[in-house]
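# Structure at a glance
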Amino acid sequence: KYLIIFDALDECGLEGSETRRDLLQLFQQQSLAKFPPGVKLFVTARPENDIARTLIAFSYKIEKTDSSHLEDLRKYILFSVEDVFKGVATTMSIEQTANLIYEKSE
C-alpha cells in the first residue's frame, strides 16, 4: 500500500501554466484508473479554479476555520497513515507521522 501526498498543489506553477496542466492531468479519471490497487492520494491546495474543477469529483473540502473539520482531518490522516504503514517498520511512530502531516497542513 502506498500513500502519495501532494501538498500545496496550487504552488506547482501558475494557474493555466503548462506545468500545472500536466500535473492536473494526473488527477483525471482515466489517469487515476491506471494506478495500481492500494495507492491512495492525499492532496492539499488552495481552491483555485483549475484545481477545484479537476478535483471536485474526488474531494472532501475541509475549512480550517471549523475546529470540527480540523479534528476530522487529524483523524483521517491518522487512519490513512495507519492503513498505509500497517506492519511496516518506520523511524517514527504512526501517530508521530500523522501528527507531522497534520501540523504541516495548517
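Located above this text is the structure these notes cover.
To start, this report covers the structure provided alongside it.

Conventions used here
Each chain carries its own residue numbering, running from 1 in the direction its sequence is written. Per-residue local features are limited, in this predicted model, to residues with pLDDT of at least 70; the limit for side-chain atom pairs, both in listing and counting, is 80 or more; totals at the level of whole chains, interfaces and linings are taken over all residues. To obtain the side-chain values, all non-hydrogen atoms of the structure were included, while hydrogens and water were left out. The secondary structure listing takes helices from DSSP runs of H or I that are at least 4 residues long and strands from runs of E that are at least 2 residues long, numbered from the N terminus. Any residue under 20% of the maximum accessible area for its type is buried, any over 50% is exposed, and the rest in between are partly exposed; the area is computed with a 1.4 Å probe on protein chains only. Each accessible area is a Shrake-Rupley estimate made with a 1.4 Å probe; only the visible protein chains count as cover when residues are assessed. When checking whether two residues touch, look at their non-hydrogen atoms; a contact exists if any pair is within 4.5 Å. Side-chain atoms alone can form a polar contact between residues adjacent in sequence; in general such a contact is a pair of N or O atoms within 3.5 Å, and within protein one must be able to donate a hydrogen while the other accepts it. Salt-bridge detection follows one rule: a side-chain nitrogen of Lys or Arg within 4 Å of a carboxyl oxygen of Asp or Glu. Classification of ring pairs uses Phe, Tyr and Trp, with its six-membered ring standing for Trp, and accepts pairs whose centres are within 6.5 Å; under 30 degrees between planes counts as stacked, over 60 as edge-to-face, and the remaining range as tilted.

When helices and strands are counted, the protein chain shows five helices and two strands. Put simply, the protein chain has 106 residues, and 24% of those count as buried. Carbon and sulfur atoms make up 55% of the accessible area of the protein chain, which amounts to about 7,600 Å² in all.

Mapped onto the elements, D83 comes out in helix α4 (residues 67-85). Of the residues examined, D83 reaches a relative accessible area of 13% and is grouped as buried.

Here we take up the environment of R20. Note that R20 resides in helix α1 (residues 18-25). Classification of R20 by relative accessible area gives buried; the value is 1%. Through-space distance from the C-alpha of R20 to that of I51 is 9.1 Å; in sequence the pair is 31 residues apart. Discounting residues that sit within four places of it in the chain, R20 has contacts with L9, D10, C12, G13, L14, E15, E48, D50 and I51. A polar side-chain atom of R20 sits 2.3 Å from a polar atom in the side chain of E48.

Within the structure shown, the criterion is met by four salt bridges. Among the ionic pairs, E11 bridges to R46, the shortest N-O distance being 3.6 Å. You can see E11 sitting in the loop between β1 (2-6) and α1 and its partner R46 sitting in the loop between β2 (39-43) and α3 (49-55), a full 35 residues away along the chain. Classification of E11 as exposed rests on a relative accessible area of 56%. R46 sits in the partly exposed class, given a relative accessible area of 49%. Connected via shared salt-bridge partners are D10, E11 and R46.

On to the packing of aromatic side chains, then. Going through the model one piece at a time under the given rule, you end up with one aromatic pair. When the ring of F6 is compared with that of F27, the centres are 5.2 Å apart and the planes differ by 75°; the resulting orientation is edge-to-face. Taken together, the residues span a long stretch of sequence, with F6 in strand β1 and F27 in the loop between α1 and α2 (29-32) at a distance of 21 residues. The exposure class assigned to F27 is buried, which follows from its relative accessible area of 3%.

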